[in-house]
Amino acid sequence: MHGNSTSQKQHQELLLTNARLVTMIAGEQGYYVSPASELYIKSGKLITSNNDVPHNIKTYDCNNKLITPGFIDCHTHLVYAGNRANEFEMRLNGVPYSDIAKQGGGILSTVKATRNATQEELVEYALPRLDGLIRSGVTTVEVKSGYGLTLIDEIKMLRAAKALQSHRKINIVTTLLAAHAIPPEYQGKADDYIQLICQEIIPLVAEEKLASSVDVFCESIGFNLEQTEKVFIAAKQYGLDVKGHTEQLSNLGGTALTAQYKGLSADHIEYLDKEGVEILANSDTVATLLPGAFYFLRETQLPPIALLRQHKIPMAIATDVNPGTSPFSDLTMMMNMGCTLFGLTPEETLRGVTCNAAKALGLGDVKGQIRDGFDADLAIWDVEHPADFSYQQGIARLSARVINGEVDHV
């Protein structure tokens, strides 16, 4: 993988030939695979009406390979320092999480390591995880802050996330998740920390354009509805979108609150009830499923998949890459888990990492579909049928990516 030079070459024209297209057009039923086709790219955009293709254009022969929209990982905590494999081992040896936390483990161990790391070190640590996502066909990654929990460290995390674009051919979307946990300095003073987020962190992040959205962990071990709403109000005041980590461990009503504030997505939602699903159905908020965390924590409460289907709520799937509950950097593995653990169909998982994932990032009108005028972010695969993404694991299937109109071999 090479350094990012997408902006320099965005105006090149390219014609993909012998491409079997899986367009993933939102709202269409099924995932039809086209016969060998041509796909024209101009100025980093897809032109599906081939009447305008000039002569003597540069071509790339796809050799009858399958072409999908570039995959989108719409929920990650990719940037962090430290390693919690020892905690994983301790838990499996019967040590309670409360004891691990008392010994300085848990999320606060990641916070400590992240605070002690420089921005450059955070980039260095994140690159191998990012490379795993790229190998699974990802062209756009959402990266959250949330392990700094101070103004300076949250800013450092967001800058590190944005800096990844200068090291790899990738589109990074950043989210402020300062309301991820109560920092050690604010134990017993969560309202004061929320005030810091609303009055200092959000205004600076908005001013410096370091994030496009703000997220909150609305949960019994995170922040309550009132605190979550304060963060949402502040985010909206500064022109930022909102998202929610909601109903992961209990049914607090965070999903409904996220929908009320026109949130892009409500994520996890294992404990979402029928009433909450109906509220979600009357909004544009995407339901983002995170099977990696469900699997790693050996949870048993399944998200309400049948109700989400019944109400035609778009479902996205993401890795939730993080050191504590989902240390997985492979989006196709999440597609497999979505099928095996949650009972999704392979088509639903493919929509979950393309058109629905794009919508979960507010990018539904430019990414996640092979469609006229959309961004030329594509994945070129050595597979016969799109069900293969969710079926088979451990075999290299990605032939190349096209990112911002430029072919990138992996």
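The written sequence of each chain sets the order in which its residues are numbered from 1. With pLDDT at 70 or above as the cut-off, local features in this predicted model cover only qualifying residues; side-chain atom pairs require 80 or more to be listed or tallied, and sums for whole chains, interfaces and linings still use all residues. Note that the side-chain values use all heavy atoms of the structure and ignore hydrogens as well as water.

- As recorded in an unreviewed UniProt entry, the protein chain goes by Imidazolonepropionase and comes from Vibrio aquimaris.
- UniProt annotates the protein chain under Sequence similarities (unreviewed entry) with the comment "Belongs to the metallo-dependent hydrolases superfamily. HutI family." UniProt positions are given in the numbering used here, feature names are shortened, and annotations may be inferred rather than shown by experiment.

**A look at the nonpolar core**
Thought 1: By nonpolar core is meant a set of buried Ala, Val, Leu, Ile, Met, Phe, Trp, Tyr and Cys residues that side-chain atoms within 4.5 Å join together. Burial here depends on accessible area, computed with a 1.4 Å probe over protein chains only, as a share of the maximum for the residue type. Under 20% is buried, over 50% is exposed, and the range in between is partly exposed. With 88 residues, the main nonpolar core has Phe71, Val79, Leu164, Leu176, Ile197, Leu308 and Leu350 as its most contacted residues.
Thought 2: Numbering of helices and strands runs from the N terminus; a helix is a DSSP stretch of H or I covering at least four residues, while a strand is a stretch of E covering at least two. Sorting elements by how many residues they give to this core places helix α7 (residues 190–207) first, with nine residues.
Thought 3: An automatic or database domain assignment supplies the residue ranges for each domain. Two domains each put at least three residues into this core: domain 1 (14–69 + 369–409) and domain 2 (71–360).
Thought 4: Here a residue-residue contact requires only that any non-hydrogen atoms of the pair lie within 4.5 Å. When residues no more than four places from it in sequence are discounted, the contact partners of Leu350 are Val22, Met24, Tyr31, Phe71, Met335, Pro386 and Phe389.
Thought 5: Among the nonpolar cores identified, the runner-up in size contains 17 residues, and Leu14, Leu16, Ala19 and Ile41 belong to it.

**As for empty space enclosed by the protein**
Thought 1: Buried and open spaces are told apart on a 1 Å grid over the protein atoms alone, a cavity being a set of points where a 1.4 Å probe fits but cannot get out and a pocket being an open set with protein on both sides within 12 Å along at least five of seven lines. Residues with an atom within 4 Å of a point are the lining residues. Grid points are joined across faces, edges and corners, and a volume is the space filled by probe spheres set on the points. Going through the model one piece at a time under the given rule, you end up with one cavity of 30 Å³ or more.
Thought 2: Approximately 50 Å³ is the volume attributed to the largest cavity.
Thought 3: Taken together, Pro69, Gly70, Ile72, Thr139, Thr140, Val366, Lys367, Gly368, Gln369, Asp375 and Asp377 make up the lining of the largest cavity.
Thought 4: Asp, Glu, Lys and Arg are counted as charged, while Ala, Val, Leu, Ile, Met, Phe, Trp, Tyr, Cys and Pro are counted as nonpolar; the rest, among them Gly, fall into the polar class. Among the residues forming the lining of the largest cavity, the class breakdown is three nonpolar, five polar and three charged.
Thought 5: When residues are assigned to domains, the lining of the largest cavity turns out to be shared by domain 1 (14–69 + 369–409) and domain 2 (71–360), each giving three or more.

**Points about the packing of aromatic side chains**
Thought 1: The rule is short: rings of Phe, Tyr and Trp, with Trp giving its six-membered ring, pair when the centres are within 6.5 Å, and they are stacked under 30 degrees, edge-to-face over 60, tilted in between. According to the stated counting rule, one finds 11 aromatic pairs in the structure shown.
Thought 2: A centroid spacing of 5.4 Å and a plane angle of 80 degrees characterise the contact between Phe71 and Phe389, whose relative ring orientation is edge-to-face. With Phe71 in strand β5 (residues 71–73) and Phe389 in helix α16 (residues 388–391), this pair connects stretches of sequence that are 318 residues apart.
Thought 3: Exposure remark for Phe389: the relative accessible area of 0% places this residue in the buried category.
Thought 4: Chaining the aromatic ring pairs together yields one cluster made of Phe88, Tyr295, Phe296 and Phe328.
Thought 5: Above the plane of the ring of Tyr80 lies Arg129, whose end atom (NZ or CZ) is 3.6 Å from the centre. Placement of a positive charge over a ring is assigned whenever Lys NZ or Arg CZ falls within 6 Å of the ring centre and within 35 degrees of the normal to the ring plane.

**Considering the layout of surface pockets**
Here the idea is plain: a probe the size of a water molecule rolls over the atoms and shows the empty space left.
Thought 1: A volume near 1,000 Å³ is recorded for the largest pocket.
Thought 2: Arg84, Tyr97, Ile107, Ile221 and Thr325 are the residues nearest the centre of the largest pocket, which is lined by 34 residues in total.
Thought 3: Of all the secondary-structure elements, those providing two or more residues to the lining of the largest pocket are α2 (85–92), α3 (97–102), α4 (107–116) and α11 (291–296).
Thought 4: A per-class count over the lining of the largest pocket returns 15 nonpolar, 13 polar and six charged.
Thought 5: Together, 16 residues line the second largest pocket, and Lys312, Ile313, Pro314, Arg351 and Asn356 are the ones closest to its centre.
Thought 6: Of all the secondary-structure elements, those providing two or more residues to the lining of the second largest pocket are α12 (305–310), α14 (346–352) and α15 (355–360).

**Overview of the sheet that holds strand β13 (residues 378–381)**
Thought 1: Only strands joined by at least two bridges in the DSSP assignment are considered to pair. Taken together, the seven strands give an open sheet; going across it, the order is β3-β2-β1-β4-β13-β14-β15, and neighbouring strands pair in mixed fashion. Of all strands in the sheet, those bounded by a partner on one side alone are β3 (45–47) and β15 (406–409). Strand after strand, the sheet turns through a mean of 45 degrees between neighbouring axes, direction not considered.
Thought 2: When strand β14 (residues 398–403) meets β15, the two strands line up antiparallel, connected through four bridges. Axis definition: a line fit to C-alpha positions, over the contact stretch in the case of helices; interaxial angles, taken between N-to-C directions, run 0 to 180 degrees.

**Side note on the packing of α7 against helix α8 (residues 225–237)**
Thought 1: α8 packs onto α7 with a crossing angle of 5 degrees between their chain directions and a minimal axis gap of 10 Å. As the angle between them shows, α7 and α8 are arranged roughly parallel. Between α7 and α8, the contacting residues are Ala190, Asp191, Ile194, Ile197, Cys198 and Ile202 on the first element and Gln227, Lys230, Val231, Ala234 and Ala235 on the second. What sets the label is the angle itself: under 35 degrees gives roughly parallel, over 145 gives roughly antiparallel, 65 to 115 gives roughly perpendicular, and the rest give oblique.

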